[in-house]
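Here's the letter readout for the chains.
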Amino acid sequence: MMDRAALQVILLGMFLMSATSDPVKKKKNVDIYSFYINSTVTSRYATTVITSRVANTLNESQEIQFEVKIPKNAFISKFRMTIEGKTYDGVVKEKEAAQQQYNQAVSRGQSAGLVKSVGRTLEDFKTSVTVSAFSKVTFELTYEELLKRRLGKYELLINAQPMQPVADFKIDVHIQEKPGISFLEVKGDLSTGDLANAIKTTRADKDFQVWVTFYPTQDQQTKCKSCGENGLNGDLLITYDVERQNPKGEIMVSKGYFVHYFAPSDVPRISKNVVFIIDRSGSMSGRKIKQTRLALLKILSDLDEDDHFGLITFDSEVSLWKRELLRATEANLENAKSFVKEIRDRGATDINAAVLAGVDMINRHPREGTASILILLTDGDPTTGETNIEKIMSNVKKAIGNKFPLYCLGFGYDVNFDFLTKMSLENSGVARRIYEDSDADLQLQGFYEEVAVPLLTDIQLKYPGGTNLTKTSFSLYFNGSEIVVSGQITDNSVESFTTEVIAVSKGSNVTYQDTIMTKDPSDVPPENENFMQRLWAYLTVKQLLDRQVLLKGQEKEDEKKEALKLSLKYQFVTTLTSMVVTKPQEGEVEVANKPKEGKGGDGYTADVDSDDDDSAFASFSVINHHPAQRAFLLHSAAMDYSDAMDYSDAMDYSVMIHHPLPTYGSPTIHTTTPPAVQVHSNRFLLPVVGQSKPLCFDVPLPHKLRLLQDSASEFSMNGESLSENHGFHQIAIHYKTNHHLIISTKSISYHNGQDKVEILWGQELTQHNTDGVSLVVLENEMNVTMGNIGVVIISHKKDGVKFLWPAIWEHPKDVNLTGVLGKSDISYVKTEGSQTPTLKMKDKEVKTYLETVSDYRFHSTPVQECWLVPFQAVMEAEISDFTVTQL
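Reference entry: report on the structure contained in this document. (Residues numbered from 1 in each chain as written. Predicted model: local features only at pLDDT ≥ 70, side-chain atom pairs only at ≥ 80, totals over all residues. Heavy atoms only, no water.)

Our focus in this paragraph is the packing of aromatic side chains. All told, the structure shown has 27 aromatic pairs when counted by the stated rule. For the pair Phe 684 and Phe 728, a centre-to-centre distance of 6.5 Å together with 55° between the ring planes defines the contact as tilted. Remark: Phe 728 occurs in the loop between strand E39 (715-721) and strand E40 (730-735) and Phe 684 occurs in strand E36 (residues 680-686); sequence separation between them is 44 residues. When its relative accessible area of 2% is taken as the criterion, Phe 684 is described as buried. The class of Phe 728 is buried, set by a relative accessible area of 0%. Between Phe 684 and Trp 805 the ring centres are 5.6 Å apart and the planes differ by 35°, which places this aromatic pair in the tilted class. (Phe/Tyr/Trp six-rings, centres within 6.5 Å; stacked < 30°, edge-to-face > 60°. Helix = DSSP H or I, 4+ residues; strand = E, 2+ residues; numbered from the N terminus. Buried < 20%, exposed > 50% of the residue type's maximum accessible area, 1.4 Å probe, protein only.)

Encoded structure:
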């Protein structure tokens, strides 16, 4: 069998914004002879079918892998494989039933795996199948979602990266909108250069319908700015909006179901009262606080003069810029910007007191005919003051009293996002994750822009003769957004259907009432006539799942049962269901689940969920039943590697797994099954500039290692591992001659030559600053800065055993670091033509294979593929050269 890394066929098709990976090398002996992406959008409801036809051109069987990324808000509704005329369909089942089938497959030692990974807005569906010599396989995946209007437009993003020029490559997009399409634009990498000639846009029926086709030739597929010999690698971004001549909205009726789109634009804007509540605790240090300042400065510049605003910063103390809301005059804004520029990180996190101060500021300065908004930005849990989450939510809900919304922005992955989600939903708002990335300030600005222009408040939508309605009550309607309500009509024999919207505009009640004839000829083509029923089911399930965090007792159980019933009826893969795929290899089974944001675990995760705009990451555990058998277990984490790679000044990506070390300099033959476990090792991950996949290397346990050293500043960090434990059980950091820090899995001891400080893991946030040394201890993380070098030590718990993992997070560019974590000048080139993957490093050819490992430098342990190479090949020295006798 060929190396498993050489057999992947990765097909990416998606709608929303995504980070595209680097081009992947063309796979040998695999011919993707047809690649279709067909997207049909009917009244904002998008159904996408991705079809890939692949031929095995080898004269022996080989495993061919299919991978497709889909939007997080989408539900998979169909998957099938066709091999030698026989079709294998995925079947959506209740999660518990799918779990039982999964367990049975595992007990037989069969492949029972889901590959499910998530970026900011995407989830990843992957499967594989063994294809006979000179045979073909067809993969087909269908998923559905309701496109959401943001800032006055809908976005349809289609990304293609088939890894080789395809003879029959087609993307077809058909958009049908009853009011007519007001504008449509096609952008993206795949619309540049010669590829622009492959795009054709056709309008028909007075702009009610638009077709966008993309049929590049094989030659054209190599000529976009991110394309090459591996074919297409980029996206088509289609943005559009519809005509809105009727302020009462757009109503469609079909086969006993209706949908109402309400987005009036002829309404005067309402001036707003907005209070920004900004976390300045110690964990916001570095890039996070800088990006927050940048975003606030831009947001303040965008306030309208008749808006009123307030600024609150908090750590263990709450500071008000001014006690009252001030009008956004030029003088006040300049004063506020000066305040923002001086925000510095310090102290603990008192969320309760800060939010209550913001509520009090708005309540003390009521203004008729305005809209009030609270925006909280935090990156952690409450650590001081009131720390009981239930009590905080109760306090906030009581103080707000349903008078205005609270929007919660969670910065990074250490924040308790479930808490923020529930608190915002209880107060008519939403929670949004702000990713720790180079564009975090733009993410903050983008969220503010969505809520910057309120047009209506207290919106109630009524539908006499309607039943099983989706959400009909909304606290605010913002310019550029859209309210969508769907339901069933109780009497299909009625000839008309009436809608009524009652809302408040600048302190005055306004009413929108409309009636349509239900017997009018349908504008929906026969092939899409069930779309409205599926749209209703999609929106109903989404909202039922969202409400689960707010409900308790029997009401929660009843709504959960209803969501499950609809998920099974419409074959949606949701948090309550799984798709079971039975493969032709003697009934092998794969189980596809929807991952949950931010939940880590070992082994298969049954209760997984992804109902917000944020990301999760799922990974493999490998159980070796027999050298020729394997079972892959899904477990969820909380950061995808593309996010981790942009972490400020990060050098090393360290992970731990058990695996044998390949022989350096001698040929190694690998099959698609990993070798059996032989050696317990710590594995270290090392990014390589200009390469999409990092390197990784093993260090056998036990060991005492010199992890990091800077002789010029007299800084060193050593770590000790035990033979029975993961990671490190003790890490020692030394600075100059008098600063000594010993970190164990139980406690932390610091000695500066005079004083000795003892700290326990798990206690309240602790800070210590003296003589160029800064120590910040959180619940399961320690940030250490000594001189100009900063490191973070993460405390993990796996299989009931605690261990430590170190990483560099800050150092000057000109510092010459040494040690296992100090390597930075590494490069490699992947050589072609060899059956076994080979890398050229320092003019030497090194045998390697592709591994999937977990990065313990983050609490979320994101998963990353890496090229596993011997220690000597990377470090150009023996392991003994990096060992120490004493920590």
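Back to the text.
Taken together, the six strands give an open sheet; going across it, the order is E38-E39-E40-E41-E42-E43, and neighbouring strands pair in antiparallel fashion. The open sheet is flanked by strand E38 (703-710) and strand E43 (756-760), the only strands paired with a single partner. Each neighbouring strand pair of the sheet contributes to a mean axis angle of 10°, computed without reference to strand direction. As defined by bridge partners, E40 adjoins strand E41 (residues 739-744) across six bridges and the pair is classed as antiparallel. Within the sheet, the bridge partner assigned to His 734 lies in E41 and is His 740. (Pairing = 2+ DSSP bridges. Axes fitted to C-alpha atoms, helices over the stretch in contact; angles between N-to-C directions.)

We now examine empty space enclosed by the protein. The final tally for this structure, using the stated rule, is five cavities of 30 Å³ or more. Of the volumes computed, that of the largest cavity is approximately 100 Å³. Lining the largest cavity we find Phe 276, Ile 278, Thr 292, Ala 295, Leu 296, Ile 299, Ile 375, Leu 377, Leu 409, Leu 444, Phe 447 and Tyr 448. Among the secondary structure elements, those contributing two or more residues to the lining of the largest cavity are strand E18 (272-279), helix H2 (287-302), strand E22 (371-378) and helix H7 (440-450). Considering every element that reaches the lining of the largest cavity, the biggest residue donor is H2, with four residues. (1 Å grid on protein atoms, 1.4 Å probe; cavity = no way out; pocket = protein on both sides within 12 Å on 5 of 7 lines; lining within 4 Å. Points joined across faces, edges and corners; volume = space filled by probe spheres on them.)

The four strands are arranged E16-E17-E28-E26 in an open sheet whose pairing can be described as antiparallel. Only two strands of the sheet have a single neighbouring strand rather than two, namely strand E16 (250-254) and strand E26 (466-467). Pairing of E26 with strand E28 (residues 483-489) involves two bridges; the strand directions are antiparallel. Within E28, the position partnered with Thr 467 by the bridge is Gln 488.

Within the structure shown, the criterion is met by one disulfide. Bridging Cys 696 to Cys 866, the disulfide has an S-S length of 2.2 Å. Judged by the sign of its S-S torsion, about 75°, the cystine formed by Cys 696 and Cys 866 is right-handed. Of the two residues, Cys 696 sits in strand E37 (residues 695-700) while Cys 866 sits in strand E53 (residues 863-868), which places them 170 residues apart along the sequence. With respect to burial, Cys 696 and Cys 866 carry one shared label: buried. (Disulfide = S-S within 2.5 Å.)

To continue, consider the pattern of salt bridges. Scanning all chains against the criterion turns up 30 salt bridges. Asp 241 is paired through a salt bridge with Arg 244; the nearest N and O atoms lie 2.9 Å apart. Since its relative accessible area comes to 22%, Arg 244 is described here as partly exposed. The salt bridge involving Glu 334 is made with Lys 337; its shortest N-O contact spans 3.9 Å. Taken together, the positions of Glu 334 and Lys 337, both in helix H3 (residues 330-341) and three residues apart, correspond to about one turn of that helix. Here Glu 334 falls in the partly exposed class, since its relative accessible area comes to 44%. By relative accessible area, Lys 337 is classed as buried at 16%. The network of salt bridges with common partners includes Arg 44, Arg 149, Glu 177, Asp 241, Arg 244, Glu 250 and Glu 482. (Salt bridge = Lys/Arg side-chain N within 4 Å of Asp/Glu carboxyl O.)

Moving on, we come to the nonpolar core. Nonpolar side chains tend to gather and get buried jointly when the protein is soluble and globular. Judged by nonpolar contacts, the single largest core of 55 residues is most densely connected at Phe 79, Phe 139, Leu 141, Leu 190, Phe 214 and Tyr 240. If you tally residues by element for this core, the top one is strand E2 (residues 30-42), at five residues. When near neighbours in sequence (up to four residues on either side) are disregarded, Leu 190 contacts Ala 160, Leu 195, Ile 199, Phe 214, Cys 224, Cys 227, Leu 232, Asn 233, Gly 234, Asp 235 and Leu 236. Membership of the second largest hydrophobic core comes to 53 residues, among which are Val 784, Ile 789, Val 791 and Ala 877. (Core = buried A, V, L, I, M, F, W, Y, C linked by side-chain atoms within 4.5 Å. Contact = heavy atoms within 4.5 Å.)

We now examine the pairing of strand E44 (residues 766-770). Successive side chains on a regular strand alternate, one facing one side of the sheet and the next facing the other. Both E44 and strand E45 (residues 773-777) contribute to a ladder of five bridges, which runs antiparallel. If you follow Asn 769 over to E45, its bridge partner there is Ser 774. Here E44 folds back onto E45 in antiparallel fashion, the turn holding two residues, of which Asp 771 has a positive phi close to 50°.

Among the twelve residues that make up strand E3 (residues 45-56), nine are buried, leaving the element largely enclosed by the rest of the structure. Judged from the twelve bridges that link them, E2 and E3 form a sheet pairing that is antiparallel. Bridging from a neighbouring strand, Ser 39 pairs with Thr 48 of E3. What sits between the antiparallel neighbours E2 and E3 is a turn of two residues, in which Ser 43 has the positive phi angle 50°. For E3 and strand E9 (residues 136-146), the ladder comprises eleven bridges, and the chain directions are antiparallel. When the sheet's bridge partners are listed, Ala 46 is paired in E9 with Glu 145.

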